[in-house]
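Architecture at a glance
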Amino acid sequence: MSVAENAVDPAPSRLRSALTGFITGLAGLAYAYLIWNAIAFLIGVAPFGLQAMDWVALLFAAVLPALVFTAAIVLARRRPLWQFIIALLAGLGLSAVFWLNVLSYMMRSIAMA
């Protein structure tokens, strides 16, 4: 093999790395917003007295987005860029739906107390 055959243009690889980093950063901010909301809500309702299941639900709502974000990155890091984006968006959707379920549960729990 000659040197010319081994030479690969590094520009697409750098562009893909830059785009992947940028998209990961944006998605990380969205996931961090979910975590921030869960912790703020937990701090807001804690003075009203929570049952054990309420604590579990709210703490899990704060931890789940980080777990899903990590899983999405690990599972999709070697896939094409569009599949990476889909994995991050699917994880964000899963986390958001779980957060809405926790909010619904907490509203019902607080109303019955």
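Structure: above.
Notes on the structure in this doc start here. In every chain, residue numbers begin from 1 and rise along the written sequence. Where local features are concerned, this predicted model is filtered to residues with pLDDT of at least 70; where side-chain atom pairs are given and counted, the filter is 80 or more; whole-chain, interface and lining totals use all residues. Hydrogens and waters are ignored; side-chain quantities use all the structure's heavy atoms.

Further remarks concern a nonpolar patch on the surface. Among the surface-exposed residues, Phe22, Leu26 and Leu29 lie close enough to one another that they form a single nonpolar patch of about 340 Å² accessible area. Relative to the assigned elements, leucine 29 resides in helix H2 (residues 11–45). Exposure is judged per residue with a 1.4 Å probe applied to protein chains only, and the accessible area is read against the type maximum: over 50% gives exposed, under 20% gives buried, and values in between give partly exposed. What makes leucine 29 exposed here is its relative accessible area of 59%. Like-charged residues are merged into a patch within 9 Å and nonpolar side chains (Val, Leu, Ile, Met, Phe, Trp, Tyr) within 5 Å, provided each residue has over 30% relative accessible area and no salt bridge. Per-residue accessibility takes into account occlusion by the displayed protein chains alone, with areas from the Shrake-Rupley method and a 1.4 Å probe. Criterion for a salt bridge: a side-chain nitrogen of Lys or Arg within 4 Å of a carboxyl oxygen of Asp or Glu. In this text, helices come from DSSP runs of H or I with a minimum length of four residues, and strands from runs of E with a minimum of two, each type numbered from the N-terminal end.

Stacked, edge-to-face and tilted labels apply to pairs of Phe, Tyr and Trp rings (six-membered ring for Trp) whose centres lie within 6.5 Å, assigned for plane angles under 30 degrees, over 60, and everything in between, in that order. Taken as a whole and judged by the stated rule, the model has 3 aromatic pairs. Between tyrosine 31 and phenylalanine 69, the ring centres sit 4.9 Å apart and the planes meet at 50°, which makes this aromatic pair tilted. Linking tyrosine 31 in helix H2 with phenylalanine 69 in helix H3 (residues 52–76), this pair joins segments that are 38 residues apart in sequence. Considered together, tyrosine 31 and phenylalanine 69 belong to a single accessibility category, that of buried residues.

Before going further, it helps to spend a moment on the environment of leucine 67. Note on placement: leucine 67 falls in helix H3. For leucine 67, a relative accessible area of 49% puts it in the partly exposed group. For the pair leucine 67 and tyrosine 31, spaced 36 residues apart in sequence, the C-alpha to C-alpha distance is 10.0 Å.

Moving on, we get to the nonpolar core. Residue types Ala, Val, Leu, Ile, Met, Phe, Trp, Tyr and Cys, when buried and joined through side-chain atoms within 4.5 Å, form a set referred to as a nonpolar core. Counting residues in hydrophobic clusters, the biggest one holds 12 residues: Leu34, Ala38, Phe41, Leu42, Val45, Leu50, Leu58, Ala61, Ala62, Trp99, Val102 and Met106. At the level of elements, H2, H3 and helix H4 (81–112) are the ones that each hand at least two residues to this core. Excluding anything up to four places from it in sequence, leucine 58 contacts Phe41, Leu42, Val45, Leu50, Val102 and Met106. Judged by nonpolar contacts, the second largest core, of 10 residues, contains Ile23, Leu64, Phe69 and Phe84. Residues are treated as being in contact if the distance between any of their heavy atoms lies within 4.5 Å.

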